[in-house]
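Each chain, letter by letter, is given below.
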Amino acid sequence: MIHYTNCPICNSADIHQQLSAKDYTVSGELFSIWHCNNCTARFTQDVPEQDAIGPYYASDAYISHSDTKEGFVNSLYHKVRKRTLISKRKLIISQTGKAKGNILDIGCGTGAFLNEIKTAGWQITGLEPDETARKNAAALYNIEPLAPGKLFELKPASYDAITMWHVLEHVHELQAYIRQAAELLNKDGKLFIAVPNYTSYDARLYGAYWAAYDVPRHLYHFSPRSIEQLLAPYNLALTTIKPMWFDSFYVSMLSEQYKSGKKNIFRAFFNGFVSNCKELFNKSKCSSVIYIIKKK
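Since the structure is predicted, the reported quantities are computational estimates derived from the model, not experimental observations.

Peer 1: In this structure, what is going on with the environment of Ile93? I would like to understand it.
Peer 2: As for its placement among the helices and strands, Ile93 is situated in helix α2 (residues 72-96). The contact partners of Ile93, leaving out residues within four places of it in the chain, are Lys98, Ala99 and Trp122.

Structure follows, in structure tokens:
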């Protein structure tokens, strides 16, 4: 188990226990979430080491590995994903200013995003720790993701874009990954990090039942301020924050089920809608956000 005496984002010792959350996906265990008063990050305390956390991902319901369409929520996720994949491709092109280029997707899962941008002519590289997800990427899209250790063997300054779509919160080697991403970007490259945002309305509404805490798989729980502090030592600067509007609905559906023990689709949809309305003019408070980052 990993027990932090300092914040894993900013190294401050000014940390305290904030709440406890349950693993609703696999184990049913309770995990403690701590808060840093310095950078405002939160993190899951006493999480399994990297070589021991695998069993907590061993669920057919874990969609990024299995690509399952079983159940209403997962089926809805796939329908929405068709639209979000297109929007992600357009975002990469608009933010990099390149119609084609070299892209690295860290934590590429079953390869859906890489397949989308490959069809636009980009040269792709994917990294994925889960063997099942790598096999599914090969079967579904003829994409062969690399094992994550290969990240530190890639050529420096060789990528126009690096993406981490809901991945950074899972990475044990947090500082090393950010440092290496900075090394791999070319001078005009962009880093795209999408993560849940615990400062959102739906996170406040559901509290310990908020599905995006997803303990212990989510090791960290970021705020915009904590992301900026994480980037600063590596000569990286946050340029833009983009909302992920659909995430509030997906997370609210799961959260409502965790809280009430049943699927209340209408209430979940309403809460997701209210969350988006409340953050319409403050996109840094959305349920999930995309941080767009460049070299200083």
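From this point, the narrative continues.
Peer 1: When you look at the packing of aromatic side chains in this model, what are you seeing that I'm missing?
Peer 2: Given two aromatic rings, one states the distance between the centres and the angle between the planes to describe the pair. All chains considered together, the criterion is met by seven aromatic pairs. Summarising the aromatic geometry, the rings of Tyr4 and Phe43 are spaced 5.2 Å apart at their centres and angled 75° between planes, so their arrangement reads as edge-to-face. Note that Tyr4 is positioned in the segment before β1 (15-22) and Phe43 in strand β3 (residues 42-45), a separation of 39 residues in sequence. Given a relative accessible area of 14%, Tyr4 falls into the buried group. Among the residues examined, Phe43 registers a relative accessible area of 0% and is labelled buried. When the ring of Phe152 is compared with that of Tyr177, the centres are 5.9 Å apart and the planes differ by 80°; the resulting orientation is edge-to-face. Here Phe152, found in the loop between α4 (131-141) and β6 (159-165), pairs with Tyr177, found in helix α5 (residues 174-184); they are 25 residues apart in sequence, far enough to count as distant.

Peer 1: How should I be thinking about the sheet that holds strand β2 (residues 30-36) in this particular structure?
Peer 2: Where strands meet in a sheet, backbone hydrogen bonds hold them as pairs that are either parallel or antiparallel. In space, the four strands of this open sheet follow the order β1-β2-β3-β8, with antiparallel pairing throughout. With partners counted over all chains shown, the strands left at the sheet margins are β1 and β8 (220-221), one partner each. Bridging between β3 and β8 involves two bridges; their strand directions are antiparallel. Of the residues in β8, the one forming a bridge with Phe43 is Tyr220.

Peer 1: Looking at this model, I keep getting lost on the pattern of salt bridges. Mind explaining?
Peer 2: Two side chains bearing opposite charge may form a pair once their charged atoms approach each other closely. All told, the structure shown has seven salt bridges when counted by the stated rule. The partner of Arg217 in a salt bridge is Asp23, and the shortest N-O contact between them spans 2.7 Å. On the criterion of sequence distance, the pair formed by Arg217 in the loop between α6 (201-206) and β8 and Asp23 in the loop between β1 and β2 is long-range, its members being 194 residues apart. As far as the burial class goes, Arg217 and Asp23 line up, both buried. Here Lys135 makes a salt bridge to Glu131, at a shortest N to O gap of 3.5 Å. With Lys135 and Glu131 both in helix α4, this residue pair falls four residues apart, about one helical turn. Because the salt bridges share partners, they merge into one network encompassing Asp23, Asp214 and Arg217.

Peer 1: Mind showing me how you'd approach the layout of surface pockets here?
Peer 2: Empty space among the atoms becomes visible once a probe the size of a water molecule is rolled across them. The computed volume of the second largest pocket comes to approximately 270 Å³. Together, Arg83, Thr84, Ser87, Lys88, Leu91, Lys242, Pro243, Met244, Trp245, Phe246, Asp247 and Ile290 line the second largest pocket. Among the secondary structure elements, those contributing two or more residues to the lining of the second largest pocket are α2, β9 (236-243) and α8 (245-260). If you tally residues by element for the lining of the second largest pocket, the top one is α2, at five residues. For the lining of the second largest pocket, the per-class residue count stands at six nonpolar, two polar and four charged.

Peer 1: Is there a simple way to explain unusual backbone geometry in this structure?
Peer 2: Where the residue is not glycine, phi is negative for most of them; where a peptide bond is considered, it is trans in most cases. Pro216 follows Val215 through a cis peptide bond whose omega is -5°. Position of Pro216 among the secondary structure elements: in the loop between α6 and β8. With a phi close to 75°, Asn11 is a non-glycine residue in the positive phi region. Here Asn11 is to be found in the segment before β1. With a relative accessible area of 54%, Asn11 lands in the exposed category. In this model, Asn235 sits at a positive phi of 60°, which is unusual for a non-glycine residue. Position of Asn235 relative to the elements: it lies in the loop between α7 (224-231) and β9.

Definitions and limits used
- Residues numbered from 1 in each chain as written.
- Predicted model: local features only at pLDDT ≥ 70, side-chain atom pairs only at ≥ 80, totals over all residues.
- Heavy atoms only, no water.
- Helix = DSSP H or I, 4+ residues; strand = E, 2+ residues; numbered from the N terminus.
- Contact = heavy atoms within 4.5 Å.
- Phe/Tyr/Trp six-rings, centres within 6.5 Å; stacked < 30°, edge-to-face > 60°.
- Buried < 20%, exposed > 50% of the residue type's maximum accessible area, 1.4 Å probe, protein only.
- Pairing = 2+ DSSP bridges.
- Salt bridge = Lys/Arg side-chain N within 4 Å of Asp/Glu carboxyl O.
- 1 Å grid on protein atoms, 1.4 Å probe; cavity = no way out; pocket = protein on both sides within 12 Å on 5 of 7 lines; lining within 4 Å.
- Points joined across faces, edges and corners; volume = space filled by probe spheres on them.
- Nonpolar A, V, L, I, M, F, W, Y, C, P; charged D, E, K, R; others polar.

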